[in-house]
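Chain residues, written in single-letter form:
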Amino acid sequence: MRQIWVIALVFLLGLSLGLVYAWRIKPVEYTDNEFADLKPTYQAEYVLMVSDAYALSGNLDAARERLSRLAVPDVATLVLSYAESALTQGATEIEIDHLAHLAAALGASSPALSPYLTPTPTVP
Amino acid sequence: MLDRKLLWLRLTLALALGLSLGLTYAWLIDPDEYYETDPANLRADLREDYLTLIALSYRINGDLARAQARLTTLGKAGKPASAAALADRLYHSGGDAETIRALALLAHTLGAQSEAVVAHLPTATPTMAPTPTTTPTPLPTTPPTATPTDTPTATPIPEVTPTLDVRPPYDVVEQRQVCDNLEVAGIIQIYVQDANGQGLPNVEVQVSWESKRNRFFTGLKPEINPGYADFHMSPGQMYDVTVWGTQVGDISTVGCSSGPSGWRLVFQHRE
């Protein structure tokens, strides 16, 4: 009778080890992922690069199509939020500028970003 | 003795069975659904799009370190040879010239060569530093000059490595201080032209002084010239004027005995 309990305990130990290993130590690695599956830091990089590409080509349809792959309901708000984050997180002027222009082209803007969108000359 | 062996056998089997069931359940039946991935695990076509974006971004910001860091996250797909190979494939399939050029530039900078890389990099141009120190910010509505003069041929890759032209696309063809003209006094007049001398609207101009900067575009006064823009200076202040990375410095109202001076600057796009 005692043997059965020991065997059951060892079985449970094996089961636990299997679960921990497969869930935590070496979880399933998904390949063929979509952009929406990227880690947040890479998604931010992606949006920034899309804004760079837009600054280079002026192709808003291409930018919109690329952003749609992130599977967010409102890409304009997404870009705007990245632009506003860039303002406070030490991004370069060029990065903020590109994000602000893309957000504006998509129909989103905020007062904090308006200096990057002012096209008219002013007297200093 | 036999009982002992039997016990160990049963324990080993129980452990193996438990382990197998645990792995099967966690890997196949109910894998961890919450995951976030790296660019290296993207679908193959999306990896190529990510690589293209890295190249386009590098083309506009010239930040090689950042491009390399981004390429690293792509794993094998981020090797310079991958950029060259993708440029080749797009080149032969009639892909977008700007994209091919960007990939070719990135591949070339990182030491990879291919037919597309050779074909899309200008030859016989002066050697400059590979990373521009001034990053131009183009207006999206005015794409940079992409003159796809390259035509696919089956000729072998030349031995001579072409020199990469990373000069800003504009030359300063006139930089003149204007005295004795009240209409121009205290004003920087900026004219941006194409290679044929025609005014170019919607070109971004940056004027900077101390730690401040103003950005505006040509074409706001088409009655003067389609490529015209101007800026009002403050007396005694020194200004730098930049058009697409081409900079003219030390502009001020000082220098004319008759009063505040004006300036006329003409930027012309290179052929």
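Heads up: these notes are all about the structure in this document. Since the model is a prediction, treat every value here as computed from it, not as a measurement.

Comments concerning the overall build of chain A
Looking only at helices and strands, one finds 5 helices and 0 strands in chain A. What you see in chain A, going N to C, is helices and strands ordered as α-α-α-α-α. Within the structure as shown, chain A displays about 6500 Å² of accessible surface, and the carbon and sulfur contribution to it stands at 62%.

Regarding the packing of helix 2 (residues 40–57) of chain A against helix 3 (residues 60–68) of chain A
All names here are of chain A. Between helix 2 and helix 3, the shortest axis-to-axis distance is 9 Å and the interhelical angle comes to 170°. The orientation of helix 2 with respect to helix 3, classified from their angle, is roughly antiparallel. Counted together, Tyr46, Val47, Val50, Ala53 and Tyr54 of helix 2 and Leu60, Ala63, Arg66 and Leu67 of helix 3 form the full contact between these two elements. Residue composition of the contact of helix 2 with helix 3, grouped by class: 8 nonpolar, no polar and 1 charged.

As for the interface of chain B and chain A
Contacts between chain B and chain A engage 62 residues on the former and 55 residues on the latter. Both sides of the chain B and chain A interface together cover about 5300 Å² of buried area, and 64% of this is carbon and sulfur. Along the contact surface separating chain B from chain A lie 7 salt bridges. One salt bridge in this structure joins aspartate 49 of chain B and arginine 66 of chain A, with 3.1 Å as the shortest N-O distance.

Digging into the packing of helix 4 (residues 80–92) of chain B against helix 5 (residues 97–109) of chain B
Residues and elements named next belong to chain B. With their axes 8 Å apart at the nearest point, helix 4 and helix 5 run at an angle of 155° to one another. Compared by their axis directions, helix 4 and helix 5 come out roughly antiparallel. The interaxial crossing formed by helix 4 with helix 5 has left-handed handedness. In this structure, helix 4 uses Pro80, Ala83, Ala84, Leu86, Ala87, Leu90 and Tyr91 to contact helix 5, whose residues at the interface are Thr99, Ile100, Leu103, Ala104 and Ala107.

What to know about the packing of aromatic side chains
As enumerated under the stated definition, the model contains 9 aromatic pairs over all chains in all. Relative to tyrosine 25 of chain B, the ring of tryptophan 23 of chain A lies with its centre 5.9 Å away and its plane at 75°, an arrangement referred to as edge-to-face. Residue tryptophan 23 of chain A is located in helix 1 (residues 2–25), and its partner tyrosine 25 of chain B is located in helix 1 (residues 2–29); the two belong to separate chains. Here the aromatic residues Phe35 and Tyr46 of chain A together with Tyr50 of chain B are joined through ring pairs into a cluster of three or more. In this structure, arginine 264 of chain B packs its charged tip against the face of tyrosine 191 of chain B, placed 4.4 Å from the ring centre.

Overview of the nonpolar core
In this structure, Leu67 and Leu102 of chain A together with Tyr50 of chain B are the most contacted members of the largest nonpolar core, which totals 62 residues. With 10 residues, helix 2 of chain A is the single largest residue contributor to this core. Residue contacts for leucine 67 of chain A: discarding those within four places in its chain leaves Val47, Val50, Val75, Val79, Leu102 and Leu106 of chain A. Core analysis: the second largest hydrophobic core is formed by 21 residues, Ile188, Val192, Val205 and Val248 of chain B among them.

Considering the environment of glutamate 65 of chain A
Residues and elements named next belong to chain A. Within the fold, glutamate 65 resides in helix 3. Given a relative accessible area of 39%, glutamate 65 falls into the partly exposed group. For the pair glutamate 65 and valine 75, spaced 10 residues apart in sequence, the C-alpha to C-alpha distance is 9.8 Å. A distance of 3.1 Å separates the side chain of glutamate 65 from the side chain of arginine 69, its partner in a polar contact.

Some thoughts on the pattern of salt bridges
Side-chain pairing between opposite charges can occur once the charged atoms of the two side chains come close. Scanning the model with the defined rule gives 14 salt bridges over all chains in all. Here glutamate 45 of chain A ties to arginine 66 of chain B by a salt bridge, and the two come within 2.6 Å at their closest N and O atoms. One end of the pair, glutamate 45 of chain A, is in helix 2; the other, arginine 66 of chain B, is in helix 3 (residues 64–72), on a second chain. Classification of arginine 66 of chain B by relative accessible area gives partly exposed; the value is 24%. When salt bridges that share partners are traced, they join Glu45 and Glu95 of chain A together with Arg66 and Arg70 of chain B into one network.

Comments concerning helix 3 of chain A
Those residues of helix 3 of chain A lying buried are Leu60, Ala63, Arg66 and Leu67 of chain A. Viewed along the axis of helix 3 of chain A, the buried residues span an arc of 125°, placing them on a single side of the element. Elements that come into contact with the buried residues of helix 3 of chain A comprise helix 2, helix 4 (75–88) and helix 5 (93–105) of chain A together with helix 2 (44–61) of chain B. Where helix 3 of chain A begins, the capping side chain belongs to asparagine 59 of chain A, and its oxygen is found 3.2 Å from the backbone nitrogen of aspartate 61 of chain A.

Some details on the sheet that holds strand 1 (residues 170–178) of chain B
Pairing between the strands of a sheet comes from backbone hydrogen bonds, and it takes one of two forms, parallel or antiparallel. Residue and element names in this part refer to chain B. As summarised here, the arrangement of the 4 strands in space is 1-8-2-5, forming an open sheet in which the pairing is mixed. Both outer strands of the open sheet, strand 1 and strand 5 (228–232), are each paired with one neighbouring strand and no more. The mean inter-strand angle of the sheet, taken between neighbouring strand axes irrespective of direction, is 15°. Note that strand 2 (residues 187–193) and strand 8 (residues 262–269) share 6 bridges and pair parallel. Bridge pairing links valine 192 to phenylalanine 267 in strand 8.

As for unusual backbone geometry
At alanine 71 of chain A, a position not held by glycine, the phi torsion is positive, near 55°. Relative to the assigned elements, alanine 71 of chain A resides in the loop between helix 3 and helix 4. Residue classification places alanine 71 of chain A among the exposed residues on the basis of a relative accessible area of 60%. In this structure, aspartate 250 of chain B is a non-glycine residue whose phi angle is positive, near 55°. With respect to the secondary-structure elements, aspartate 250 of chain B resides in strand 7 (residues 246–251). Residue class for aspartate 250 of chain B comes out exposed when judged on its relative accessible area of 57%.

Basis of the calculations
- Residues numbered from 1 in each chain as written.
- Chains lettered and ligands numbered in written order.
- Predicted model: local features only at pLDDT ≥ 70, side-chain atom pairs only at ≥ 80, totals over all residues.
- Heavy atoms only, no water.
- Helix = DSSP H or I, 4+ residues; strand = E, 2+ residues; numbered from the N terminus.
- Areas by Shrake-Rupley, 256 points an atom, 1.4 Å probe, with all protein chains shown as cover.
- Axes fitted to C-alpha atoms, helices over the stretch in contact; angles between N-to-C directions.
- Parallel < 35°, antiparallel > 145°, perpendicular 65-115°, else oblique.
- Contact = heavy atoms within 4.5 Å.
- Nonpolar A, V, L, I, M, F, W, Y, C, P; charged D, E, K, R; others polar.
- Buried area = accessible area lost by both parts, 1.4 Å probe.
- Salt bridge = Lys/Arg side-chain N within 4 Å of Asp/Glu carboxyl O.
- Left-handed = near helix turned anticlockwise from the far one by under 90°.
- Phe/Tyr/Trp six-rings, centres within 6.5 Å; stacked < 30°, edge-to-face > 60°.
- Lys NZ or Arg CZ within 6 Å of the ring centre and 35° of its normal.
- Core = buried A, V, L, I, M, F, W, Y, C linked by side-chain atoms within 4.5 Å.
- Buried < 20%, exposed > 50% of the residue type's maximum accessible area, 1.4 Å probe, protein only.
- Polar contact = N/O pair within 3.5 Å; in protein donor to acceptor, adjacent residues only side chain to side chain.
- Arc of directions from axis to C-beta.
- Pairing = 2+ DSSP bridges.

It is worth stressing that arrangement in space is one thing and function is another; only the former is reported here.
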